[in-house]
Amino acid sequence: MIEVEHITKEYKMAKREAGFHNAVKALFSRKQDTVRALNDISFKIDDGEILAYIGPNGAGKSTTIKILCGILTPDKGNCIVDGYVPWKDRKSYVKNIGVVFGQRSQLWWDIPIIDSFELIKDMYDIDSRTYKQNVSELCQLLDLEKIVKTPARNLSLGQRMRCEIVASLLHNPKILFLDEPSIGLDAVSKLAVRDFIKRINAEKGTTVILTTHDMQDIEALTHRVMLIGKGQILLDGSLEELKKRVSDKKEIRIKHSGKTPTLCEGMNYLEQKDDKLKISLDPKMISVSEGIAYLSRETELIDLEVSDISAEEMVARLYKEYQI
Ligand SMILES: Nc1ncnc2c1ncn2[C@@H]1O[C@H](COP(=O)(O)OP(=O)(O)OP(=O)(O)O)[C@@H](O)[C@H]1O
């Protein structure tokens, strides 16, 4: 269980104007700029949840993750993760967590990946049996067998990310923090990583907290989405709840070979391109089945697809609504 209560975090930076002269001046000045990265945030995460923590650039996602990992100490507020205060009991606490920062590496640059894994084994005091089992299982699942003897510096970003994920799980952590895990992954690797996250969550009950700008990650993985903007939690709920909040309208895409239909009440055109039409349907005015029956009377339908609004559109509208 993760409990965060009223956390506030500010960064202080020496105030300076652009230019060399001002940079030297700033060395002798005490003036500081303050950035409030987190402003009184509170939430709870239960064991076994997969949570997507989303928000625009600079919203405060990484700062939250760093506090939850014990890397940063907040200015105010409390945080208890599995009975630990992360920044106080860091040494024992890190045995419970695995962390992947898309932008930073936990692997040693110049040595083969497998040697980095061995070092992590020693650092976390992982017994040999668990280590062997995890290395073989995780490497197979993430297709690392051919690259484990290569040094990290010679790997592509996507290959390295897959190694980072394995490295973060060797000690069987209860909680996995993934900060932008999709950065640099190709389509096949993205799918492999998503499947893998779902699998460790289902099989081992690992709690997963994920920050991402990739909406497909959210659609594929998460039970719960938390939106942060300007250092404050703005929304917290299931993807469906959030989509409904933005719009409970359905989207109907059709391909037709007849005349372009005149729409009835409850339906509107979103896009019309030759024989392909995108229609919005308001279920409060007309049911989806009535809408489809109406369209099939009006024209010759070749193809039809009904969907909710996409996660991408939902997020874009939420960012606009909250002006973040
Ligand atoms: N070390 C730092 N020193 C000063 N300001 C910082 C520092 N780290 C973050 N900030 C500021 O704190 C705010 C929150 O940053 P944070 O990295 O938590 O955002 P984020 O939501 O993770 O953004 P992104 O999606 O771009 O990674 C931003 O305004 C950022 O400029």
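The chain is annotated in an unreviewed UniProt entry as ABC transporter domain-containing protein of Oribacterium parvum ACB1.

### Considering the site of the ligand
Around the ligand there are 13 residues in total, and Gly58, Gly60, Lys61, Ser62 and Thr63 lie nearest to it. Here glycine 58 contributes a backbone N or O atom positioned 2.8 Å from an oxygen atom of the ligand. The side chain of lysine 61 places a nitrogen or oxygen atom 2.8 Å from an oxygen atom of the ligand. Isolated, the ligand exposes 640 Å² of accessible area, and the fraction of that covered by the protein chains is 65%. Looking at the shell around the ligand, the elements that each hand over two or more residues are strand S1 (2-14), strand S2 (32-45) and helix H2 (61-69). Examining the composition of the shell around the ligand, we find that 3 residues originate from one element, H2, more than from any other. Classifying every residue of the shell around the ligand gives 6 nonpolar, 6 polar and 1 charged.

### Description of the side chain of arginine 194
Examined against the element boundaries, arginine 194 turns out to sit in helix H7 (residues 187-204). Residue classification places arginine 194 among the buried positions, given a relative accessible area of 9%. Once residues lying within four places of it in the same chain are set aside, the contact partners of arginine 194 are Asp214, Gln216, Asp217, Ala220 and Leu221.

### Here we look at the pairing of strand S8 (residues 224-229)
Judged by how many residues are buried, S8 sits mostly within the fold: 6 of 6 residues are covered. Across the two faces of S8 the burial is the same, with Arg224, Met226 and Ile228 and Val225, Leu227 and Gly229 all buried. When strand S3 (residues 50-54) meets S8, the two strands line up parallel, connected through 4 bridges. For tyrosine 53, the partnering residue across the bridge sits in S8 and is methionine 226. Here S8 folds back onto strand S9 (residues 232-237) in antiparallel fashion, the turn holding 2 residues, of which lysine 230 has a positive phi close to 45 degrees.

### Things to note about empty space enclosed by the protein
Under the criterion given, the structure shown has 2 cavities of 30 Å³ or more. Considering only enclosed or pocket space, the largest cavity measures out at about 40 Å³ in volume. As for the largest cavity, its lining consists of Pro181, Ser182, Leu185, Lys190, Val193, Arg194, Ile197, Leu210, Asp217 and Leu221. Breaking the lining of the largest cavity down by element, the ones donating at least two residues are H7 and helix H8 (215-221). Top contributing element to the lining of the largest cavity by residue count: H7, with 4 residues. Its residues assigned to classes, the lining of the largest cavity comprises 6 nonpolar, 1 polar and 3 charged. Of the pockets and cavities examined, the second largest cavity occupies roughly 30 Å³.

### Let's talk about the domain arrangement of the chain
Partitioning the chain into domains gives domain 1 (2-7 + 40-243) and domain 2 (248-308). Centre-to-centre separation of domain 1 and domain 2, based on C-alpha positions: 42 Å.

Cut-offs used in this document
Residues numbered from 1 in each chain as written. Predicted model: local features only at pLDDT ≥ 70, side-chain atom pairs only at ≥ 80, totals over all residues. Heavy atoms only, no water. Near = heavy atom within 4 Å. Polar contact = N/O pair within 3.5 Å; in protein donor to acceptor, adjacent residues only side chain to side chain. Areas by Shrake-Rupley, 256 points an atom, 1.4 Å probe, with all protein chains shown as cover. Helix = DSSP H or I, 4+ residues; strand = E, 2+ residues; numbered from the N terminus. Nonpolar A, V, L, I, M, F, W, Y, C, P; charged D, E, K, R; others polar. Buried < 20%, exposed > 50% of the residue type's maximum accessible area, 1.4 Å probe, protein only. Contact = heavy atoms within 4.5 Å. Pairing = 2+ DSSP bridges. 1 Å grid on protein atoms, 1.4 Å probe; cavity = no way out; pocket = protein on both sides within 12 Å on 5 of 7 lines; lining within 4 Å. Points joined across faces, edges and corners; volume = space filled by probe spheres on them. Domains from an automatic or database assignment.

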